[in-house]
Amino acid sequence: LFDTFPCQVHFFTETSPGKFFGKLNWRIQEPDGEFFTRDALQRFVQDPENPAHLINHDNEYLHYEDDWYIVDYAADDNKEGVPPFAYVYYRGSNDAWVGYGGVVVYTRESKLPESLIPRLREASKKV
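Bear in mind the structure is a predicted one, so any value in this text is a computation, not a measurement.

Cut-offs and rules
Residues numbered from 1 in each chain as written. Predicted model: local features only at pLDDT ≥ 70, side-chain atom pairs only at ≥ 80, totals over all residues. Heavy atoms only, no water. Phe/Tyr/Trp six-rings, centres within 6.5 Å; stacked < 30°, edge-to-face > 60°. Helix = DSSP H or I, 4+ residues; strand = E, 2+ residues; numbered from the N terminus. Buried < 20%, exposed > 50% of the residue type's maximum accessible area, 1.4 Å probe, protein only. Lys NZ or Arg CZ within 6 Å of the ring centre and 35° of its normal. Pairing = 2+ DSSP bridges. Polar contact = N/O pair within 3.5 Å; in protein donor to acceptor, adjacent residues only side chain to side chain. Contact = heavy atoms within 4.5 Å. Core = buried A, V, L, I, M, F, W, Y, C linked by side-chain atoms within 4.5 Å. Axes fitted to C-alpha atoms, helices over the stretch in contact; angles between N-to-C directions. Salt bridge = Lys/Arg side-chain N within 4 Å of Asp/Glu carboxyl O.

1. Re the packing of aromatic side chains
Part 1: Under the defined criterion, the tally for this structure stands at eight aromatic pairs.
Part 2: Ring geometry for Phe12 and Tyr106: centres 5.3 Å apart, planes at 90°, overall edge-to-face. Placement of the pair is Phe12 in strand S1 (residues 7-16) and Tyr106 in strand S7 (residues 98-107), with a sequence separation of 94 residues.
Part 3: On the basis of relative accessible area, Phe12 is assigned to the partly exposed category, the value being 36%.
Part 4: Residue Tyr106 is classed as buried on the basis of its relative accessible area of 18%.
Part 5: Within the aromatic cluster, the residues linked to one another by ring pairs are Phe12, Phe20, Phe44, Trp68 and Tyr106.
Part 6: A cation sits over an aromatic face here: Arg27 above Phe35, 3.7 Å from the ring centre.

In structure tokens:
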């Protein structure tokens, strides 16, 4: 899901403190030029012992479990003056694959702002 698909949009909605839903939309271009479009609704709970750990377990489809870790972020109007972003490291498993993982950077821009790259490189050393 968190691949380099050319068209992805994710929406997050907090349902109560420490709980939120992610509506993940993506599309993949097929060899014939048509698009294969999918979406998923994921439920996350914030780990009370580690607020940077977001837990998405107990899913029926493929019995998957995802753990997301916020490695770094910057909110709107931050004092560093960088574009707002969230850098997420994720690990998971499902019926087909145990131990998949990767990273995703959320921004409001359609292309990763170049100004974030040095900070993301430094944050990557934590993973």
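2. Here we look at the pairing of strand S2 (residues 19-29)
Part 1: The sheet contact formed by S1 and S2 spans nine bridges and is antiparallel. Residue pairing across strands places Gln8 opposite Trp26, the latter belonging to S2.
Part 2: Hairpin connection from S1 to S2: two residues lie between these consecutive antiparallel strands, with Gly18 at a positive phi of about 80°.
Part 3: In this structure, S2 lies alongside strand S3 (residues 35-47), joined through eleven bridges in antiparallel fashion.

3. Considerations on the side chain of Asn94
Part 1: Structurally, Asn94 is set in the loop between strand S6 (85-93) and S7.
Part 2: A residue is classified by how much of its surface remains accessible, and Asn94, at 17% relative accessible area, is buried.
Part 3: Within polar-contact distance, the side chain of Asn94 engages the backbone nitrogen of Ala96 at 2.7 Å.
Part 4: A polar contact of 2.7 Å, which involves the side chain of Asn94, links it to the backbone nitrogen of Trp97.
Part 5: Every residue in contact with Asn94, bar those within four places of it in the chain, is listed here: Leu62, His63, Tyr64 and Tyr100.

4. A few points about the nonpolar core
Part 1: Ranked by size, the top nonpolar core spans eleven residues in total: Phe20, Leu24, Phe44, Leu54, Tyr64, Trp68, Val88, Tyr90, Tyr100, Val104 and Tyr106.
Part 2: Listing elements by their share of this core, those giving two or more residues are S2, S6 and S7.
Part 3: Core analysis: the second largest hydrophobic core is formed by eight residues, Val82, Tyr87, Leu116 and Ala123 among them.

5. A look at the sheet that holds strand S5 (residues 65-74)
Part 1: Across the sheet, seven strands lie side by side as S1-S2-S3-S4-S5-S6-S7; this open sheet has antiparallel pairing. The strands lining the two open edges of the sheet, one partner per strand, are S1 and S7. Ignoring which end each strand starts from, the neighbouring axes of this sheet average 25° apart.

6. Thoughts on the pattern of salt bridges
Part 1: Taken as a whole and judged by the stated rule, the model has four salt bridges.
Part 2: Between Arg119 and Asp72 there is a salt bridge, and its shortest N-O distance comes to 2.8 Å. Placement of the pair is Arg119 in helix H1 (residues 117-124) and Asp72 in strand S5, with a sequence separation of 47 residues.
Part 3: Close ionic contact of Glu122 with Lys125 constitutes a salt bridge, the shortest N to O distance being 3.1 Å.

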